[in-house]
Amino acid sequence: MARARFVALALLITSFLLSVVAGQLRPLPSAGLPSDLFDLGIASRLRTDTNTTAKASTDFGQMAKASPEAVFHPRTPADIAALIRFSSSSLAPFPVAPRGQGHSWRGQSLAPGGVVVDMRSMGRAAGHRRINVSAAGAEPPYVDAGGEQLWIDVLRATLQHGLAPRVWTDYLRLTVGGTLSNAGIGGQAFRHGPQIANVQELDVVTGTGEMVTCSRDKNSDLFFAALGGLGQFGVITRARIRLEPAPKRVRWVRLAYTDVAMFTKDQEFLISSQVGEEVGFNYVEGQVQLNRSFVEGPKSTPFFSTLDMNRLARLASRTESPAIYYIEAAMYYNEDTTIHVDQQKMDALLDQLSFHPGFVFTKDVTFVQFLDRVREEERVLRSVGMWEVPHPWLNLFIPRSRILDFDTGVFKGFLRDANPAGIILMYPMNKDRWDNQMTTMTPTGDDDVFYAVSFLWSALSVGDVEQLEKANESVLDLCAKADIEFKQYLPHHTSQDGWKQHFGAKWSKITELKAKYDPQAILSPGQKIFPSQTEAIGIATA
């Protein structure tokens, strides 16, 4: 009898170990998922151990938490299709959410009570080359990149051919599918539109498990829905992205202002047709640094030296400005370009701007160093424990006609004496570079330019999340009271009514596409755009 009990115990322990080791030969079935899921051929790539599911229970924002029942490690898009097809046809459909780097911040990559798909597993699978550059004979040249691929890896692969995508987010350790499911904005968007405007073709696994290739001319409704679609219509497993010749080096400049009207006027000039591509900047963004941060914040940054910061602090004090506004711009060039000619080009452009005399800060860096500049900031923040903290971000698109009103109410108003940890971005984009057929929303008024204003907060101490969330609410309340028509980027709404208002006239079309491509509403339910069985499970928000 004792021997029998020992053998039974040994078998149980062996079964458990097999369920949690890499490769998971027989995963332990989860009570929250259909048992026959674990009879499928893909079952060995499911992980149900708590260590794995816990890591997939939140995202970079740490503002939403929801535990999946399992994490799936696909080797191919067909594996993802099999999982989604099973859920969609099941009597008890379960949520499925793709997760790249988990850099969503309000739950897009969460699957409460369902399965999180670890997209990066496809990039690690042996024998599957998921970045392919077509340079010879293609006009324009393009790269086919798996949805799980990091943009930094896309950059490295395309540079081997002397090419690069035209538009970049500020941070490159994000996946292709992740940024394309939102829009993908950065300093090149004023000229080339967001990343989604530079996509020629997609492979998408829909919410019924169908694998579909789509473009502007083929299955176009899915193509436009998936780009900026917040993961609601399918999982992007491949994107064909337009390329251009890559420069070797970058002249990187920051210009300081204390007059917001001059700051915005110069920004709008730099992105206008008055400045041609041959003589203008290739990249234009902007930042707002609140006055108090010069006293209580870092004394140097990866860009500004201590001496620079001291000069800027004195400028803010002397002018009694509540903030310093920076235009951040970059001009691409190659080593074989005459340096004297490039400097003349830069000087001629700067001569037309109204920044504070003497407050020009420049760097000369390689193209890769410039595009990957946030990596250095990440290293610094990680070293002091300030990277993996809650990020109660708020990202808005504000019409040009109201940006000064916004500045008066926010930066000269309730944030005037504040010093929250984080970065505030503020820069314009040309609306005609955005395709309204895509799901991403921009302000609906007549303004041909709108501003991206991003409050990229970090909650470092107890109580910071609540305080920063109140600041965000104050921003939204100001816009409502001042009748500033805006749209959220990386949107977050707590009710379906909020989402209806966000999408406006597009809402009826979006619901039709949802019914067509994800009728069970199983895909990326963490944002609560569409009701589904996960409503009963819910997502706990911080």
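An unreviewed UniProt entry lists the protein chain under the name cytokinin dehydrogenase, from Digitaria exilis.

A. Focus on the overall build of the protein chain. In terms of regular secondary structure, the protein chain is built from 18 helices and 20 strands. Relative to the compact-globule value of 24 Å for 542 residues, the protein chain shows a C-alpha radius of gyration of 24 Å, a close match. Overall size of the protein chain, expressed as C-alpha extent along the three principal axes, is 90 × 55 × 50 Å. Contacts in the protein chain between residues at least 24 apart in sequence constitute 75% of all its contacts with a sequence separation of at least 6.

B. The packing of aromatic side chains, seen in detail. If you walk through the whole model with that rule in mind, you get 28 aromatic pairs. Measuring from centroid to centroid gives 5.2 Å for F304 and Y326, while their planes differ by 40°, and the two rings are tilted. One end of the pair, F304, is in the loop between helix 10 (293-296) and helix 11 (306-319); the other, Y326, is in strand 14 (residues 323-333), and 22 residues separate them in sequence. For F304, a relative accessible area of 3% translates into the label buried. The class of Y326 is buried, set by a relative accessible area of 2%. Across the ring face of Y333, the terminal group of R251 is positioned such that the distance to the ring centre comes to 4.8 Å. Across from the ring centre of F359, 4.3 Å away, lies the NZ or CZ of R311, which sits over that ring.

C. Summary view of the domain arrangement of the protein chain. Under the domain assignment, the protein chain is made up of domain 1 (131-245) and domain 2 (249-488). Computed over C-alpha atoms only, the centres of domain 1 and domain 2 are separated by 25 Å. With 30 residues of domain 1 in contact, the opposing surface of domain 2 contributes 34 residues. In this assembly, domain 1 packs against domain 2 so that about 2600 Å² is buried in total across both faces, 57% of it on carbon and sulfur atoms. Of all residues in domain 1, D170, F190 and R191 give up the largest surface area on contact with domain 2, accounting jointly for 30% of the area buried on that side. On inspection of domain 1 and its partner domain 2, the count reaches three salt bridges. The salt bridge partner of D435 is R216, with a shortest N-O separation of 2.8 Å.

D. Main features of the pairing of strand 17 (residues 422-430). When you tally the buried positions in strand 17, you get seven out of nine residues, the bulk of the element. As paired elements, strand 13 (residues 283-290) and strand 17 share two bridges and run antiparallel to each other. Bridged to V288 within strand 17 is I424. Judged from the nine bridges that link them, strand 17 and strand 18 (residues 449-457) form a sheet pairing that is antiparallel. Of the residues in strand 18, the one forming a bridge with Y427 is A452.

E. Region of interest: the sheet that holds strand 16 (residues 394-399). Pairing in this open sheet of eight strands is antiparallel, and the strands run 15-12-14-13-17-18-16-19 from one edge to the other. Strand pairing shows two members of the sheet lacking a second neighbour, strand 15 (360-366) and strand 19 (487-488), which therefore form its edges.

F. Spatial organisation of the pattern of salt bridges. This model, assessed by the stated rule, comprises 28 salt bridges. We note a salt bridge from D170 to R373, for which the minimum N-O separation is 2.9 Å. Of this pair, D170 sits in the loop between strand 8 (163-165) and helix 6 (176-180) while R373 sits in the loop between helix 13 (367-371) and helix 14 (374-383), and the two are 203 residues apart along the sequence. The same class applies to D170 as to R373, namely buried. For the salt bridge of R240 with E201, the shortest nitrogen-to-oxygen distance reads 3.9 Å. Residue R240 is found in strand 11 (residues 234-245), and its partner E201 is found in strand 9 (residues 199-206); the two are separated by 39 residues along the sequence. E201 shares its class with R240; the two are buried. One network of salt bridges, in which partners are shared, links D144, E201, D203, R238 and R240.

G. Up close: the sheet that holds strand 4 (residues 96-99). Strand order in this open sheet of four strands is 1-3-5-4, and the pairing throughout is mixed. Two strands close off the open sheet at either side, each with one partner strand: strand 1 (46-47) and strand 4.

H. Spotlight on the side chain of D407. Structurally, D407 is set in helix 15 (residues 403-414). Reaching out from D407, the side chain makes a polar contact with the side chain of Y325 at a distance of 2.6 Å. There is a polar contact of 2.4 Å between the side chain of D407 and the side chain of K412. In contact with D407, other than residues within four places in its own chain, are V260, Y325 and K412.

I. A look at the nonpolar core. Counting residues in each nonpolar core, the largest one holds 86 residues, and the members touching the most others are W151, L180, I185, L202, L312, F367 and M429. Mapped onto the domain boundaries, this core takes at least three residues apiece from domain 1 (131-245) and domain 2 (249-488). Ignoring any residue separated from it by four or fewer positions in sequence, one finds L202 in contact with L180, V212, T213, C214, F223, A226, L227, I236, R238 and A239. Among the nonpolar cores identified, the runner-up in size contains 47 residues, and F190, L255, M331 and F406 belong to it.

J. Just the pairing of strand 11, in detail. Burial within strand 11 is extensive, with nine of its 12 residues counted as buried. For strand 7 (residues 142-146) and strand 11, the ladder comprises five bridges, and the chain directions are antiparallel. Bridging from a neighbouring strand, G146 pairs with R238 of strand 11. Both strand 8 and strand 11 contribute to a ladder of three bridges, which runs antiparallel. Residue pairing in the sheet places P165 in a bridge with L243 of strand 11. Inspection of the sheet shows strand 9 paired to strand 11 by seven bridges, in the antiparallel sense. Within the sheet, the bridge partner assigned to E201 lies in strand 11 and is R240.

Rules behind the numbers
- Residues numbered from 1 in each chain as written.
- Predicted model: local features only at pLDDT ≥ 70, side-chain atom pairs only at ≥ 80, totals over all residues.
- Heavy atoms only, no water.
- Helix = DSSP H or I, 4+ residues; strand = E, 2+ residues; numbered from the N terminus.
- Rg over C-alpha atoms; globule rule 2.2 N^0.38 Å.
- Contact = heavy atoms within 4.5 Å.
- Phe/Tyr/Trp six-rings, centres within 6.5 Å; stacked < 30°, edge-to-face > 60°.
- Buried < 20%, exposed > 50% of the residue type's maximum accessible area, 1.4 Å probe, protein only.
- Lys NZ or Arg CZ within 6 Å of the ring centre and 35° of its normal.
- Domains from an automatic or database assignment.
- Buried area = accessible area lost by both parts, 1.4 Å probe.
- Salt bridge = Lys/Arg side-chain N within 4 Å of Asp/Glu carboxyl O.
- Pairing = 2+ DSSP bridges.
- Polar contact = N/O pair within 3.5 Å; in protein donor to acceptor, adjacent residues only side chain to side chain.
- Core = buried A, V, L, I, M, F, W, Y, C linked by side-chain atoms within 4.5 Å.

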